[in-house]
Amino acid sequence: MSKSRRLHQLITEHEQSNEKRKHHEQEEEEENGDTYIRLENFPGGSEIFEMVVKICYGVKVDLSASTAVLLRCAAEELEMTEEHSPDNLVSKTERFLSQSVFNSIRESIKALKACESVSLIAKSIGITEKCIESIVFRASSADPSLFFGWPINNGGIFAVDTKLKKQRKDSKSEMWFEDVAELSFPIFRRLIQAMKSGDLSPEIVERSLIHYAKKHIPGISSRSSSSTIASENQQRELLETIISDLPLDNSSSITATTRSLFGLLRSAIIFNTSEDCRTLLERKIGSQLEKATLDDLLIPSYSYLNETLYDVNLVERLLRHFLENAAVSSSSLTVVGKLIDGVLGEIASDANLKPEKFYNLAILLPDQARVYDDGLYRAIDIYLKVHPWISEAEKEKICSVMDSQKLTLEGCTHAAENERLPLRTVVQVLFFEQLQLRQEIAGTLLTFTAVTTEEDGGETVGEGQVEFGRWEKTVRENQVLRLDMDTMRTRVHQLERECSYLKKVIVKIHKESSSEAKERPRKWSLSRKLGCKFKTQVCDSLEAK
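Predicted model, so just to flag it, every value in this text is computed and none were measured. (Residues numbered from 1 in each chain as written. Predicted model: local features only at pLDDT ≥ 70, side-chain atom pairs only at ≥ 80, totals over all residues. Heavy atoms only, no water.)

## Concerning helix α3 (residues 65-78)
Along its 14 residues, α3 runs 20 Å from first to last C-alpha, staying within 8% of the 20 Å computed at 1.5 Å per residue. For α3, the tally of buried residues reaches 11 of 14 residues, placing the bulk of the element in the interior. Of the residues making up α3, those classed as buried are Ala65, Thr67, Ala68, Val69, Leu70, Leu71, Arg72, Cys73, Ala74, Ala75 and Leu78. (Helix = DSSP H or I, 4+ residues; strand = E, 2+ residues; numbered from the N terminus. Expected span 1.5 Å × (residues − 1). Buried < 20%, exposed > 50% of the residue type's maximum accessible area, 1.4 Å probe, protein only.)

Following this line, the structure appears as structure tokens:
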């Protein structure tokens, strides 16, 4: 009664009257004549009330961030103010919270968690707001010690819990994100709004949202635990809210966050979130596509409307969002180019992938995105191998994406002998293969000449040596030309054999045909389609020999 104005009032009223108490207090008269005062919905229940009693009688108690919040609410409920008694429980708990809780981000989060069970009274006395302000301030501080700082010994009747002392030694800043994930969603949403309105980096806001999503939405990561949000509709609402709160600034995002964003995207597809929600997430991922991996982009087709194994339309949309960014650097563009060629190589083996889908994704990349086209050629080769039934026109359209000049010498050599490629593509590859081969040989000779000159000590060359050098250069050029001619002759022989085989096929078709009128157009159209005249070409090549 000396510490609590409320208890003093209740007991005094009891002595004056045995009527039922107003509001949430009620008097009960037991058979033995003893009188009890029942305090309904007391903050923290009987355990906190027992701590209040011990403090009133001078018993030392261990205090934590959670119990401090509940004791502060209990002190407010019992009206244990300074006006009623000096150095009362309200001032004691306020001092402990200020000195031992609000200067540590993790302790502030635990205090905020404790506010959930006493949300109404905690909000009315401002503890919830103070916890949120403390978290935002500590999170925005550049000094890591402020994340895990601990106050000086407060003395008095409170003793700091030994478990809390041990937490001071923990230097992993990631842990407070996990603490935030333990909050209920209404409190967490208030904290995020405060973070966004305060001077806080977008990375902290984003990582807080990602950690919370991993905790409460299954399937985002392998570490996702069982969620307290049971219904699918609630999980969809939570997911849409988290995605809408994601900051648009990607200047400080990291690869791990990009991987988590793809996890959010998969969950958004599975839970069938709104189209605006998915578009917002796709734009954010697309703007930092260079940080993605091949596994990230290989998202299965969850819709029954898609016949393909992977969602190719999604990859195309992400690539378009990336290319819409005006600040794309050449290095990022090259990275994305290799990434898309890898995707093409994976989806090429899908028998249900239509030529138009493959072509649209391959042609979407600008020319400067590919330094070499070997990766694209590999994807085209796989696609033609898995889809042998497509028309010649479709084959030529797909191969037109590839630039033969960007193939390495090894790529040219393989493509020149690839029977799956259209004849026009093979001829282009042969031509550029000769150019590359000549450049390789010329480069080797130049290197040899430079090394020889360096070994000679760089002495002055006389007139006779100049003439000898010119003669040597002419001999080497002739050797290069002879090598080119030999290689071209070999290629011509190969083409002659192919043409000879095609000629036999045409003759066979003629024999099987019953009408001479039908025989000529078929021969003419097949010849025009292949782009050559067999008889003239064979004769010309034989005459050249």
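## Concerning helix α2 (residues 45-56)
An α-helix turns once per 3.6 residues; consequently, residues spaced three or four apart project the same way. Given a rise of 1.5 Å per residue, 12 residues ought to cover 16 Å, and the 17 Å separating the end C-alpha atoms of α2 matches this to within 8%. Taken from the residues just after α2, glycine 58 is the one with a positive phi, measuring 80°.

## Some details on the pattern of salt bridges
On inspection of all chains with the given rule, the structure shows 24 salt bridges. When the shortest N-O distance is used, the salt bridge between arginine 190 and glutamate 129 registers 3.1 Å. With arginine 190 in helix α10 (residues 185-197) and glutamate 129 in helix α7 (residues 127-140), this residue pair connects regions lying 61 residues apart in the sequence. Close ionic contact of glutamate 356 with lysine 397 constitutes a salt bridge, the shortest N to O distance being 3.1 Å. Of this pair, glutamate 356 sits in helix α18 (residues 355-363) while lysine 397 sits in helix α20 (residues 392-399), and the two are 41 residues apart along the sequence. (Salt bridge = Lys/Arg side-chain N within 4 Å of Asp/Glu carboxyl O.)

## Looking at the environment of valine 136
In this fold, valine 136 is placed in helix α7. In sequence terms valine 136 and serine 197 are 61 residues apart; their C-alpha atoms lie 9.8 Å from each other. Apart from residues no more than four positions distant in its own chain, valine 136 is found in contact with Leu191, Ala194, Met195 and Leu200. (Contact = heavy atoms within 4.5 Å.)

## Remarks on the packing of helix α16 (residues 312-324) against helix α17 (residues 330-347)
Two elements in contact, α16 and α17, have axes whose closest approach is 12 Å; the angle formed by their N-to-C orientations is 170°. The angle between the axes of α16 and α17 places the two elements in the roughly antiparallel class. Facing α16, whose interface residues are Val312, Val315, Leu319, Phe322 and Leu323, α17 presents Ser332, Leu333, Val336, Ile340, Val343 and Ile347. Of the residues assigned to the contact of α16 with α17, the class counts are 10 nonpolar, 1 polar and no charged. (Axes fitted to C-alpha atoms, helices over the stretch in contact; angles between N-to-C directions. Parallel < 35°, antiparallel > 145°, perpendicular 65-115°, else oblique. Nonpolar A, V, L, I, M, F, W, Y, C, P; charged D, E, K, R; others polar.)

## Details of the packing of aromatic side chains
Counted under the stated rule, the structure contains 5 aromatic pairs. Each ring, one from phenylalanine 42 and one from phenylalanine 49, has its centre 5.4 Å from the other, and the planes form 85°; the classification is edge-to-face. When its relative accessible area of 12% is taken as the criterion, phenylalanine 42 is described as buried. Taking the relative accessible area as the measure of exposure, phenylalanine 49 reaches 29% and is therefore partly exposed. Measuring from centroid to centroid gives 6.1 Å for phenylalanine 185 and tyrosine 212, while their planes differ by 45°, and the two rings are tilted. Here phenylalanine 185, found in helix α10, pairs with tyrosine 212, found in helix α11 (residues 202-216); they are 27 residues apart in sequence, far enough to count as distant. Using a relative accessible area of 22% as the deciding quantity, one classes phenylalanine 185 as partly exposed. Just above the ring of tyrosine 359 sits the side chain of lysine 397; from NZ or CZ to the centre is 4.7 Å. (Phe/Tyr/Trp six-rings, centres within 6.5 Å; stacked < 30°, edge-to-face > 60°. Lys NZ or Arg CZ within 6 Å of the ring centre and 35° of its normal.)

## Focus: the side chain of threonine 128
Among the structural elements, threonine 128 can be located in helix α7. In contact with threonine 128, other than residues within four places in its own chain, are Leu112, Cys115, Ala122, Lys123, Ile187 and Arg190.

Function-wise, these values are silent; they only describe arrangement.
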